[in-house]
Amino acid sequence: MPEAGSQNGNGNHLPVNISEHLRNQQELHPEATGALTSILADMTRVAKRISYLVNTAGLTDAFGYTGKTNAQGEQVIRLDERANEQFKNVLKNNHHVAGYASEEENSFVSFLPGVERKYVVWFDPLDGSSNFDTNVSIGSIFSIYRRVTDVNGPVEERDFLQKGSEQVCSGYFLYGTSTMFVYTTGDGVYGFTLDPSVGEFVLPESYSKIQIPERGMIYSVNEANSENWSARVKEYIHELKTRKEDPCSARYVGSLVADAHRNMLKGGVYLYPSDKKYPNGKLRVNCELNPLSFVTEQTGGKSINENGLRIMDIQPRTLHERSSVVIGSRREVELFSSFDPEYFIK
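Residues numbered from 1 in each chain as written. Predicted model: local features only at pLDDT ≥ 70, side-chain atom pairs only at ≥ 80, totals over all residues. Heavy atoms only, no water.

Novice: Requested: an account of helix α1 (residues 18–27), with residues and values cited.
Specialist: Two residues of an α-helix separated by three or four positions point the same way, owing to the 3.6 residues in each turn. Taken together, the buried positions of α1 are occupied by I18, H21, L22 and Q25. All buried residues of α1 project into a common sector of 95° when viewed along the axis, lining one side. Looking at the packing, one finds that the buried side of α1 touches β1 (16–17), α2 (35–55), β9 (179–184), β10 (189–195) and β11 (200–203). The opening residue of α1, the one whose side-chain oxygen lies 3.0 Å from the backbone nitrogen of S19, is N17. (Buried < 20%, exposed > 50% of the residue type's maximum accessible area, 1.4 Å probe, protein only. Helix = DSSP H or I, 4+ residues; strand = E, 2+ residues; numbered from the N terminus. Arc of directions from axis to C-beta. Contact = heavy atoms within 4.5 Å. Polar contact = N/O pair within 3.5 Å; in protein donor to acceptor, adjacent residues only side chain to side chain.)

Novice: Tell me about the nonpolar core, and please be specific about residues and values.
Specialist: Membership of the largest hydrophobic core comes to 42 residues, with the highest contact counts inside it found for L79, F142, F173, F181 and Y183. Per-element accounting of this core gives the leading share, 9 residues, to α2. Core analysis: the second largest hydrophobic core is formed by 23 residues, Y172, M180, V182 and A260 among them. (Core = buried A, V, L, I, M, F, W, Y, C linked by side-chain atoms within 4.5 Å.)

Novice: Explain the sheet that holds strand β18 (residues 325–328) residue by residue, including any values.
Specialist: Sheet architecture is open: 5 strands sit in the order β13-β12-β14-β18-β16, paired in mixed fashion. Where the open sheet ends on each side, the last strands, each with one partner, are β13 (249–250) and β16 (302–304). Examined bridge by bridge, strand β12 (residues 218–220) and strand β14 (residues 269–272) share 2 bridges and lie parallel to one another. Across the sheet, the residue bridging to Y219 is V269, located in β14. Those strands touched by helix α5 (residues 256–266) are β12 and β14, and its axis lies near 165° from that of β12. Strands β16 and β18 of the sheet are contacted by helix α6 (residues 285–298), whose axis makes an angle of about 30° with β18. (Pairing = 2+ DSSP bridges. Axes fitted to C-alpha atoms, helices over the stretch in contact; angles between N-to-C directions.)

What follows is the structure in structure tokens.
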């Protein structure tokens, strides 16, 4: 059942705002301490701040590069750096957060130990930022884990190298025609929209407990890389495009959050396969694939790597480990699994 908001003077229900929603969700779990509610509330603050940065980037000299390179060896865009600072500044003041790791930084950061600091946060502060100067939708991704080390001590690397199946919460912010906040704690997926008239995220009824269509008619992949794909991937894409029943059309934004969000609502599959340039895949397991896989699975979809392994069952060995991915509607992901890789070995 959708959550009921307050009523206006005409007796019509208003969308529930995210503060009410989080309180309602906490009340459903008497054992809850309020820690996740606190962290998620802070995440809404981060989303609003980065949304403002994105919307005013052309007025504040946020275009261009800082002259630095990030943990991936990529040039850092000014807006990336500013978005990263927003996450850091908010999280360090939350006494439930013991530390964080960012796509933009080489290592994790530990906060001062405390008995209530039981969680660590992964984030990609600004996914798709190379597109933002052309006004293309971009996003931020986050993931929350309960730490595995002693809460009375500092966090360690193993707190950040957990399987995605250990996530207690994940989500993303999407900065497009509107700003959205989408998250899951393992009990369905909720999609909030920022109402600029009141500066608050609200939950439209259509975005309560989002479900991805079982089958999609969209495929999202950078076909400019097709010459470097395996025969298996080429054959799969050919099948999607030419099948007699519900052939797929190509839709590729180039911003992971935007592509994943569209496919989740309309049905489809996103691929970033391994190739000659990225033999292990390009996307990061910890800060991109695990959080989006958790959200996707909670909508009824699937997320695997090229070997058919569930993304959230991968045991990461390094902070910035990469993987191939096939993610989206259940039947389209299962179709990929039906293409036996051994068949295509030459």
